[in-house]
Amino acid sequence: SDTKVGNYICFLGNMRKDFGIEMLFGLLPELNQELGLRLKIIGPESDLYRHYFKLSKETEAGKYIDWLGFVPIERLSQELSNCFCGIDLQELQQNHSRYAISGRVVSFLQHVLVPVISPYSGAIVKYVVQHQLGVVCQPDRDSLKKSILEAYNQNAIYTEKIEHFLSTNPYRVNAQNLLGL
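This is a predicted model, so every value here is computed, not measured.

Chemist: Which parts of the structure should I look at to understand the pattern of salt bridges?
Modeler: When the charged atoms of two side chains lie near each other, side chains of opposite charge can form a pair. A full pass over the atoms with the stated rule returns 10 salt bridges. Here Glu79 ties to Arg75 by a salt bridge, and the two come within 3.3 Å at their closest N and O atoms. Here Arg75 and Glu79 lie together in helix H3 (residues 73–80), a separation of four residues that amounts to about one turn. Between Asp88 and Arg104 there is a salt bridge, and its shortest N-O distance comes to 2.9 Å. With Asp88 in strand S4 (residues 83–88) and Arg104 in helix H4 (residues 103–110), this residue pair connects regions lying 16 residues apart in the sequence. For the pair Asp88 and Arg104, a shared accessibility class is recorded, and that class is buried. Where salt bridges share partners, they join Glu30, Glu34, Arg141 and Lys145 into one cluster.

Chemist: I'm lost on the side chain of Ser147 in this one. Help?
Modeler: Note on placement: Ser147 falls in helix H6 (residues 141–153). In this structure Ser147 comes out as buried when scored by relative accessible area, which is 5%. Look past the residues within four positions of Ser147 in its chain and what remains in contact with it is Val116, Val135, Val136 and Cys137.

Chemist: Just checking my understanding: could you explain the confidence of the model for the chain for this structure?
Modeler: In low-pLDDT segments, the atomic positions of the prediction should not be examined closely. Across the chain, the average pLDDT comes to 86, with 86% of residues at or above 70. Within the chain, strand S2 (residues 38–42) carries the highest mean pLDDT (97), whereas helix H8 (residues 175–178) carries the lowest (50).

Here is what the cut-offs are and how they apply
- Residues numbered from 1 in each chain as written.
- Predicted model: local features only at pLDDT ≥ 70, side-chain atom pairs only at ≥ 80, totals over all residues.
- Heavy atoms only, no water.
- Salt bridge = Lys/Arg side-chain N within 4 Å of Asp/Glu carboxyl O.
- Helix = DSSP H or I, 4+ residues; strand = E, 2+ residues; numbered from the N terminus.
- Buried < 20%, exposed > 50% of the residue type's maximum accessible area, 1.4 Å probe, protein only.
- Contact = heavy atoms within 4.5 Å.
- pLDDT = per-residue confidence, 0-100.

Next up, the structure:
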């Protein structure tokens, strides 16, 4: 496996207010200064997408964000190739039932990106922990920074676990398996 670690954090999918975007914006300047990290935002444009785009341009974080909008599936792997982790930082417990599967996190695993997720990311949390496929963090600034740094510094270990898991269980990243059904 390629041990080169990309320098992008990825946010993939629809924007939501309770997904820690503003918290991530606040961390970007120091993460960039310390390690050269940047954020890549991939997802359909919406009022909230435009709101966060405008907000980012009014802060220092805007210098470290690539806004790609919607990316066709045939280009997605290419766009994710310089990302080392994906963020699914739901701040509220009631966002998902314990049976909900985050398509965002499944996409991260399929593209061998280390998921950095909150304990409120639904049924996939147990799965990520059980197979050591990513980092689970509390949705607060300090935990997020620590978790991003862990995903970056331990990237080769997480990547190896994800690749091994996918190669030995190619059909296991599906709803039935994630729910233990």
